[in-house]
Amino acid sequence: LWSEAVQPEDDPGCPVCSDLFYRHSSDGGLTWGEPLNLSRTPVGENRPQIKVDARNRIHVVWDEGVDWYAGAGVPQGGVYRRSDDGGLTWSEPHRFTAGGRPVQQTSLAVDAQGNPLVVFRDAASDRIYFQLSADGGATWGAVGEV
């Protein structure tokens, strides 16, 4: 995973904001697949985390709305995506909020069965929340507060 600036510098929303990209190697790094833009937003992405579970599913989370490298944007939420085929295709983004309020510092853990737990902080109140998927990231339970 890496962040790369893709917005034109004259974009008034977030000039030089980055999108999040993924690339995979199946031969130990000798060759690499084409870069895949996982985020495709004009608002900037930051703090990506990646985990691979026992079934070789790839789980990724990141913060959306703030681009710390560009020094621009405001928190909008956390995002989760999953790949079941080594990064060739990805699930639709699942967005995390705290009752509709923006969150940040999105963190990822995956249990032994491949079920992701995502923890995030309300950007306005600093309260901590979590959301769990009991089916490997396909669907998500209710948002809970720590």
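Description of the structure in this document.

Criteria and cut-off values
Residues numbered from 1 in each chain as written. Predicted model: local features only at pLDDT ≥ 70, side-chain atom pairs only at ≥ 80, totals over all residues. Heavy atoms only, no water. Phe/Tyr/Trp six-rings, centres within 6.5 Å; stacked < 30°, edge-to-face > 60°. Helix = DSSP H or I, 4+ residues; strand = E, 2+ residues; numbered from the N terminus. Buried < 20%, exposed > 50% of the residue type's maximum accessible area, 1.4 Å probe, protein only. Pairing = 2+ DSSP bridges. Core = buried A, V, L, I, M, F, W, Y, C linked by side-chain atoms within 4.5 Å. Contact = heavy atoms within 4.5 Å. Polar contact = N/O pair within 3.5 Å; in protein donor to acceptor, adjacent residues only side chain to side chain.

**Some thoughts on the packing of aromatic side chains**
Link 1 in the chain: The final tally for this structure, using the stated rule, is 6 aromatic pairs.
Link 2 in the chain: On the numbers, 5.1 Å between centres and 70 degrees between planes, the contact of Tyr-22 with Trp-90 is edge-to-face. In this pair, Tyr-22 sits in strand β2 (residues 18–22) while Trp-90 sits in the loop between β6 (72–83) and β7 (94–96), placing the two residues 68 residues apart along the sequence. Just as Tyr-22 is buried, Trp-90 falls in that class too.
Link 3 in the chain: Pairing Phe-96 with Trp-140 gives two aromatic rings, centres 5.2 Å apart and planes at 90 degrees, and the pair type is edge-to-face. Here Phe-96, found in strand β7, pairs with Trp-140, found in the loop between β10 (128–132) and β11 (144–145); they are 44 residues apart in sequence, far enough to count as distant.

**As for the sheet that holds strand β3 (residues 36–37)**
Link 1 in the chain: Sheet architecture is open: 3 strands sit in the order β1-β2-β3, paired in antiparallel fashion. At either end of the open sheet lies a strand with only one pairing partner, and these are β1 (2–5) and β3.
Link 2 in the chain: Strand direction decides the pairing type here: β2 and β3, joined by 2 bridges, are antiparallel. Each bridged residue has a counterpart across the sheet, and for Tyr-22 the counterpart in β3 is Leu-36.

**Re the environment of Gly-28**
Link 1 in the chain: With respect to the secondary-structure elements, Gly-28 resides in the loop between β2 and β3.
Link 2 in the chain: In this structure Gly-28 comes out as exposed when scored by relative accessible area, which is 82%.

**Thoughts on the nonpolar core**
Link 1 in the chain: Formed by Val-61, Tyr-80, Phe-96, Ala-98, Val-103, Leu-108, Val-118, Phe-120, Tyr-129 and Trp-140, the largest nonpolar core amounts to 10 residues.
Link 2 in the chain: Among the elements of the structure, β8 (103–110) and β9 (116–122) are those that each provide at least two residues to this core.
Link 3 in the chain: Filtering out sequence-adjacent residues up to four positions away, Tyr-129 remains in contact with Ala-98, Arg-101, Val-118, Val-119, Phe-120, Asp-122, Val-143, Gly-144 and Glu-145.
Link 4 in the chain: Ile-58, Val-60, Trp-62 and Val-79 belong to the second largest nonpolar core, which has 8 residues in total.

**Here's the deal with the side chain of Arg-82**
Link 1 in the chain: By the secondary structure assignment, Arg-82 is in strand β6.
Link 2 in the chain: Engagement of the side chain of Arg-82 in a polar contact is seen with the backbone oxygen of Gly-136, the distance being 2.6 Å.
Link 3 in the chain: Apart from residues lying up to four places away in sequence, Arg-82 is in contact with Arg-57, Ile-58, His-59, Thr-89, Trp-90, Ser-91, Asp-135, Gly-136, Gly-137 and Ala-138.

**Regarding unusual backbone geometry**
Link 1 in the chain: Even without a glycine there, the phi angle at Arg-47 is positive, about 55 degrees.
Link 2 in the chain: By secondary structure assignment, the location of Arg-47 is in strand β4 (residues 45–52).
Link 3 in the chain: Of note, Asn-56 is a non-glycine position whose phi angle comes to about 65 degrees, a positive value.

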